[in-house]
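Take a look at the letters that make up each chain.
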Amino acid sequence: MKLQRTNGLRATALAALAVSGALVLTACGSDNNAGDTTTGGSGDKTAAASKIDCGDAKGQLLASGSSAQKNAMDLWVKNYMAACTGVEVNYKASSSGEGIVAFNQGTVGFAGSDSALKPEEVEESKKMCTGGTGINLPMVGGPIAIGYNLPGVDNLVLDAPTLAKVFDTKIKKWNDPAIAKLNPGAKLPDKSIQAFHRSEDSGTTQNLGKYLGKAASNEWKYEAEKKWPAPGGQAASGSSGLAAQVKQVEGSIGYFELSYATSQSISTVDIATGASAPVKASSENASKAIAAAKVKGTGKDLALDLDYTTKAEGAYPIVLVTYEIACDKGNKPETLSAVKSFLTYTASEEGQKVLSEAGYAPIPTEINAKVRETVSSLS
């Protein structure tokens, strides 16, 4: 993303606001999916930008990874570059797996991943982080929406066991008795289910697998990995590609971060959790689930333990937390200042406010305070 494109990006964001009435960004791969930190006037924007501490940051900062956080990252990059004119931040939204590979190969200053580093990935990072190791910094929260395309069915409820059988292609028709039982009165068609999953390694896939493995352990026997584990179904690349397929294919179902569903008017499944009522996918309901997360990482690592089996009222259980992956020590000298300055902004109150405005769930305050403390200590 080039600095001279700022005005164009602002115009694009304001147009999106005018259409949707909320800050939901088009998720079809355009680099113009950005917006402002506030919907107020130019004075508000200037004030927000003035709170960003650029420090000694300069030059180009490359980053890549999670596509689920692309819409948030586009906002952050635009606002940061408007304040820090000597820095060009370029975030490539690919997948969590590709981002971690790029980080461990030393080609990016930081990576985005929807799942914490695995032990072998941490070990690999030590080769690149001179004298240090890769750590997980939780930065973005949000619901994984289960999007579907079924004309005539405006409200669809599924529970974990039924959802597991759908994605495992054990339930093949939309009028299957298990689905009908959860949706009394709905006119479910005698139509084949087209289940879509991610084609590449994806932290979103892994988080969905964690949910199904915990909440439907009898039906979902696969390990929670970034690579899609079940046979059958159809594959698509990236969150935007998956959403596009669900949007286009009648009878389809898939999974992606909520803003991809909202921006394309894709219907989403309400989840029956055992609470008094099924829970809708929303940033507010995801926040209720994420708020109960505990730090399980040690030292400066802030990996979180999420409760995928929550039955709390209004808590949406299929959530993800996207981590920014950086070295605790041994970051490249030429990008260290930019990494610290940029991540300080994303973890700031202003940066986290952007998440709420864009339909994501901010990281809980207590955890976010630890993130800011850790970012300030990166070396």
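Summarised in this report is the structure supplied together with it. (Residues numbered from 1 in each chain as written. Predicted model: local features only at pLDDT ≥ 70, side-chain atom pairs only at ≥ 80, totals over all residues. Heavy atoms only, no water.)

Counted by the stated rule, this structure contains 11 salt bridges. As a salt-bridge pair, Lys118 and Glu225 come within 3.5 Å of each other at their nearest N and O atoms. A residue pair is termed long-range when its members are at least 10 positions apart, and Lys118 in the loop between strand E3 (110-113) and helix H5 (119-125) and Glu225 in the loop between helix H8 (203-215) and strand E7 (234-236) qualify at 107 residues. Among the residues examined, Lys118 registers a relative accessible area of 25% and is labelled partly exposed. We classify Glu225 as partly exposed; its relative accessible area is 34%. Of the charged contacts in the structure, one is a salt bridge between Glu121 and Lys226, with a shortest N-O distance of 3.8 Å. Placement of the pair is Glu121 in helix H5 and Lys226 in the loop between H8 and E7, with a sequence separation of 105 residues. You can call Glu121 buried: its relative accessible area is 14%. In this structure Lys226 comes out as buried when scored by relative accessible area, which is 5%. Where salt bridges share partners, they join Lys118, Glu120 and Glu225 into one cluster. (Salt bridge = Lys/Arg side-chain N within 4 Å of Asp/Glu carboxyl O. Helix = DSSP H or I, 4+ residues; strand = E, 2+ residues; numbered from the N terminus. Buried < 20%, exposed > 50% of the residue type's maximum accessible area, 1.4 Å probe, protein only.)

A few words now on the pairing of strand E4 (residues 134-148). E4 sits mainly inside the fold: 15 of its 15 residues count as buried. For E4 and strand E13 (residues 319-327), the ladder comprises nine bridges, and the chain directions are antiparallel. What sits directly across from Gly141, in E13, is Val321. For E4 and strand E8 (residues 252-257), the ladder comprises five bridges, and the chain directions are antiparallel. Within E8, the position partnered with Gly147 by the bridge is Gly254. Relative to strand E9 (residues 267-268), E4 runs antiparallel, the two being bridged by two bridges. Looking across to E9, one finds that Gly147 is bridged to Thr268. (Pairing = 2+ DSSP bridges.)

With that settled, the discussion passes to the state of the cysteines. Tallied over the entire structure, the rule returns two disulfides. The disulfide partner of Cys54 is Cys84, and the gap between their sulfur atoms is 2.0 Å. Its torsion about the S-S bond being -90°, the disulfide of Cys54 and Cys84 is classed as left-handed. Pair noted here: Cys54 is in the loop between helix H2 (42-50) and strand E1 (59-65) and Cys84 is in the loop between helix H3 (70-83) and strand E2 (87-93), with a separation of 30 residues, a long-range link. One exposure class covers both Cys54 and Cys84, and it is buried. In the protein, the bonded cysteines, taken in the order they occur along the sequence, pair up as 1-2, 3-4. (Disulfide = S-S within 2.5 Å.)

This paragraph deals with the nonpolar core. Core analysis: the largest hydrophobic core is formed by 72 residues, its most contacted members being Ile146, Phe167 and Ile253. In terms of residue count, E13 provides more of this core than any other element does, six residues in total. Setting aside residues no more than four positions away along its own chain, Phe167 makes contact with Ile146, Ala195, Phe196, Leu208, Trp220, Trp228, Ala230, Ile253, Gly254 and Tyr255. Counting residues in each nonpolar core, the second largest holds 37 residues, with Trp76, Ile135, Met139 and Ala338 among its members. (Core = buried A, V, L, I, M, F, W, Y, C linked by side-chain atoms within 4.5 Å. Contact = heavy atoms within 4.5 Å.)

Time to look at helix H9 (residues 238-248). The α-helix advances 3.6 residues per turn, and as a result positions three or four apart in sequence lie on the same side. Among all positions in H9, only Gly238, Ser239, Gly241, Leu242, Ala243, Ala244 and Val246 are buried. Looking at the buried side of H9, the elements it contacts are E4, strand E6 (194-198), E7, E8 and helix H10 (258-263).

Attention shifts here to helix H6 (residues 160-167). Counted residue by residue, H6 has six buried out of eight residues, so it is predominantly covered. The secondary structure elements touched by the buried residues of H6 are E4, strand E5 (157-159), helix H7 (177-182), E6, H8 and E8. Note on H6: the residue one or two positions beyond its end, Thr169, has a positive phi of about 55°.

A positive phi is found at Thr169, a non-glycine position, where the angle reads about 55°. Locating Thr169 in the fold gives a position in the loop between H6 and H7. A positive phi angle, close to 55°, is found at Ser265, a residue other than glycine. Along the chain, Ser265 turns up in the loop between H10 and E9.

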